[in-house]
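Residues per chain, in single letters:
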Amino acid sequence: MTVTETTNTSKRSIPSFNREDWASAYCNVEKELKDIPLKIIKGQVPKDLKGTFYRNGPGRLERGGRWVHHPFDGDGMIAAIKFKNGNVKITNKYVRTEGWIAEEKAKKFLYRGVFGTQKPGGAIANAFDIRLKNIANTHVVKLGNELLALWEASSPYALEPTTLETIGISNLNGALKPGEAFSAHPRFDPGHYGQKRMVTFGVKTGPKSTLRLMEFSAEGNHTGKLLSDRKDQFNGFAFLHDFAITPNWAIFMQNAINFNPIPFLLGQKGAGQCLKSKKGGQAKFWLIPRDSGCYAGEAPRIINAPDGFVFHHLNAWEESKKVTIESIFYQDFPSIEPDEDFRQINFELLPEGILKRSCIDIESNTSSVKIISNQCCEFATVNPDYEGIKAKYAWMAVSDKKEGNGPLQAIKKIDLINNTECIWSTAPRGFVSEPLFIAKKHNSASEDQGWIIVLIWDGKRKGTNLIILNSENLTEEAILELPIKIPHGLHGSWVEDIS
Ligand code: CO
């Protein structure tokens, strides 16, 4: 494991991984644990790191000898890793979704997956079965007393935050209709107008798309209360996984893609495999005025966006009449075709994620874009206190090599203003997931003071480790072994212990 400081983009040509190590992380999570200590194998856990690291991701990838077609189709398994007085314990549980319960009992897949998983029996058995299995596997956030396991095509599942027992589908105090789509990417406004809020959305798409923007109180006695709610209609199909906020705007990027439902209806492909980049299509930014801002009540602004496909944004901010948004762009929508095995993918053939900065001029209705870094990245974050305002620092998961696609094996900190970077790498046998930044103090003059926590897959041990890094210089503070194996996962959040 190495730390390097660099300001250039020198290439490293030595292969940084072998695919078997990477693919060995794809296994079922076989055990559900309750408060089991993690073994410290290096360093010490900072005593002032107090709270719970909640993390979601696919935990069940195989049933009755059949594998999911894409890991994103795996059932949600939540890990709660609790930090107290230098000790760390884990509790983990599958979300008891309706589909998970039925499939556990049947010991086989009973539903098709969005990303191509089929029921046994070929196309005939799958044709015209358009039921959605809410797998609650994408993100986990705490709002008031409820822990919410999120999956964007349907409503959240509420869990008990300590035991992770599934309470059931949540309608958020009546805000959601049964089965209503609810994004897996809420943004937490740290209090731009004096009050913390959870800003999120749901999208109903077709030839026209309706976007519902919702803002919930995220502090005090009114936590979970719906404070603001608006619906806007836009032309065209929309695949919206994430968005960004500033004090005045909620900013979305409508990728230029088409959805052809025929192979899905005929049982040949999952719905997500029917998305294709639209040749000659024009991506758009949608800027929706927030109710607390100075454009409240106005119509959305629709502005041409750069080419490319975006799942995730880093952050956004405003300066006079300009809105800047930083996003991870892919050249194309990365799909796994029906005859491919996700564990055998050739990274070289898939597009890599490139961090870019788009500047949107809301007076001239134009946008321009430039590359921040060419190194393949995903799961980028700023200090959550800087959500919606200009941040100096960002942390993200990156490939070990400087250019081209590769698995995520390193954590990078970028100084977004001076364009310098610092890298911690776990190549060649380690693989990282989403890093979380935890501030040492809030409103501190030092934006980058705190820790990065991240789960890594150790290809040598064939197991999962928790790494704690100093967020200023990415030096290792501690390495801990988990008592369970957790596949490469999706998103998580940190809930501070304020007791
Ligand atoms: Co995401």
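Provided above is the structure to which this section pertains.
Now for a description of the structure that goes with this document. (Residues numbered from 1 in each chain as written. Predicted model: local features only at pLDDT ≥ 70, side-chain atom pairs only at ≥ 80, totals over all residues. Heavy atoms only, no water.)

### As for helix α2 (residues 98-106)
Logical step 1: Burial in α2 covers these residues: Gly99, Trp100 and Glu103. The arc enclosing the buried residues of α2, seen along the axis, measures out at 95°, which places them on a common side. Along α2, exposed side chains directed more than 90 degrees from the buried face belong to Glu98 and Lys105.
Logical step 2: Buried residues belonging to α2 abut β6 (62-63), β8 (75-84) and β9 (87-94).
Logical step 3: Where α2 terminates, the next one or two residues include Lys107, which has phi positive at roughly 60°. (Buried < 20%, exposed > 50% of the residue type's maximum accessible area, 1.4 Å probe, protein only. Helix = DSSP H or I, 4+ residues; strand = E, 2+ residues; numbered from the N terminus. Arc of directions from axis to C-beta. Contact = heavy atoms within 4.5 Å.)

### Some words on the pattern of salt bridges
Logical step 1: Counted by the stated rule, this structure contains 32 salt bridges.
Logical step 2: The partner of Arg429 in a salt bridge is Asp21, with the nearest N and O atoms 2.8 Å apart. With Arg429 in the loop between β31 (420-425) and β32 (430-432) and Asp21 in helix α1 (residues 19-23), the pair connects residues that are 408 residues apart, well separated along the chain.
Logical step 3: Given a relative accessible area of 34%, Arg429 falls into the partly exposed group.
Logical step 4: Across the pair Glu215 and Arg197 runs a salt bridge, and its minimum N-O distance is 2.6 Å. (Salt bridge = Lys/Arg side-chain N within 4 Å of Asp/Glu carboxyl O.)

### Quick notes on the pairing of strand β19 (residues 249-254)
Logical step 1: Counting buried positions along β19 yields 6 of 6 residues, so the element is predominantly enclosed.
Logical step 2: The alternating pattern of β19 places Trp249, Ile251 and Met253 and Ala250, Phe252 and Gln254 on opposite faces, both of which are buried.
Logical step 3: Looking at chain direction, strand β18 (residues 244-245) and β19 are connected through 2 bridges and run antiparallel. When the bridges of β19 are listed, Ala244 appears paired with Ile251.
Logical step 4: Between β18 and β19, which follow one another and run antiparallel, lie 3 residues.
Logical step 5: Here 6 bridges tie β19 to strand β22 (residues 284-289), and the two strands are oriented antiparallel to one another. Across the sheet, the residue bridging to Ala250 is Ile288, located in β22. (Pairing = 2+ DSSP bridges.)

### Re the coordination of the cobalt ion
For a metal with four tetrahedral donors the ideal donor-metal-donor angle is 109.5 degrees, whereas six octahedral donors ideally subtend 90 or 180 degrees.
Logical step 1: Listed as protein donors to the cobalt ion are His185 (NE2), His241 (NE2), His312 (NE2) and His491 (NE2); their distances from the metal cover 2.0 to 2.1 Å.
Logical step 2: Relative to the metal, the 4 donor atoms surrounding the cobalt ion lie at angles of 93 to 155°, and the coordination shape comes out irregular.
Logical step 3: Donor residues binding the cobalt ion come from one chain and are separated in sequence as H-x55-H-x70-H-x178-H. One end of the pair, His312, is in strand β24 (residues 309-319); the other, His491, is in the loop between β36 (476-481) and β37 (492-496), with 179 residues separating them in the sequence. (Donors = N, O, S within 2.8 Å, 3.2 Å for Na, K, Ca; no water. Tetrahedral: all angles 85-135°; square planar, octahedral: opposite > 155°, others 65-115°.)

### Examining the sheet that holds β18
Logical step 1: One open sheet holds the 4 strands; their spatial order is β18-β19-β22-β23, and the pairing between them is antiparallel. Pairing within the sheet leaves two strands with one partner each, and these edge strands are β18 and β23 (301-304).

### Considerations on the sheet that holds strand β16 (residues 208-217)
Logical step 1: Here we have 4 strands laid out as an open sheet, ordered β14-β15-β16-β17, and antiparallel in their pairing. In this open sheet, the two edge strands, each paired with only one partner strand, are β14 (187-189) and β17 (226-235). On average, adjacent strands in this sheet sit at an angle of 25° to one another, irrespective of strand direction.
Logical step 2: Note: strand β15 (residues 197-204) against β16, 8 bridges, orientation antiparallel. The residue bridging Arg197 from the neighbouring strand is Ser217, located in β16. (Axes fitted to C-alpha atoms, helices over the stretch in contact; angles between N-to-C directions.)

### Some points on the side chain of Gln273
Logical step 1: Relative to the elements of secondary structure, Gln273 occurs in the loop between α4 (262-265) and β21 (275-277).
Logical step 2: Look at Gln273 and you get buried, because its relative accessible area is 4%.
Logical step 3: A polar contact is formed between the side chain of Gln273 and the backbone nitrogen of Gly270, at a distance of 2.7 Å. (Polar contact = N/O pair within 3.5 Å; in protein donor to acceptor, adjacent residues only side chain to side chain.)

### Digging into a nonpolar patch on the surface
Logical step 1: On the surface, a nonpolar cluster with roughly 310 Å² of combined accessible area is contributed by Phe128, Ile262 and Leu266.
Logical step 2: Following the sequence through the fold, Phe128 ends up in the loop between α3 (122-126) and β10 (139-143).
Logical step 3: A residue is classified by how much of its surface remains accessible, and Phe128, at 61% relative accessible area, is exposed. (Patch = residues over 30% accessible without salt bridge, like charges linked within 9 Å, V, L, I, M, F, W, Y side chains within 5 Å. Areas by Shrake-Rupley, 256 points an atom, 1.4 Å probe, with all protein chains shown as cover.)

### Notes on the pairing of strand β4 (residues 51-55)
Logical step 1: Buried residues dominate β4, accounting for 5 of its 5 residues.
Logical step 2: Two strands pair when backbone bridges link them, and β4 and β8 are joined in this way by 5 bridges, in the antiparallel orientation. Its bridge partner lying in β8, Gly51 is registered against Phe83.
Logical step 3: Here β4 pairs with β37 via 5 bridges, running antiparallel. Opposite Gly51, over in β37, you have Glu496 as the bridge partner.

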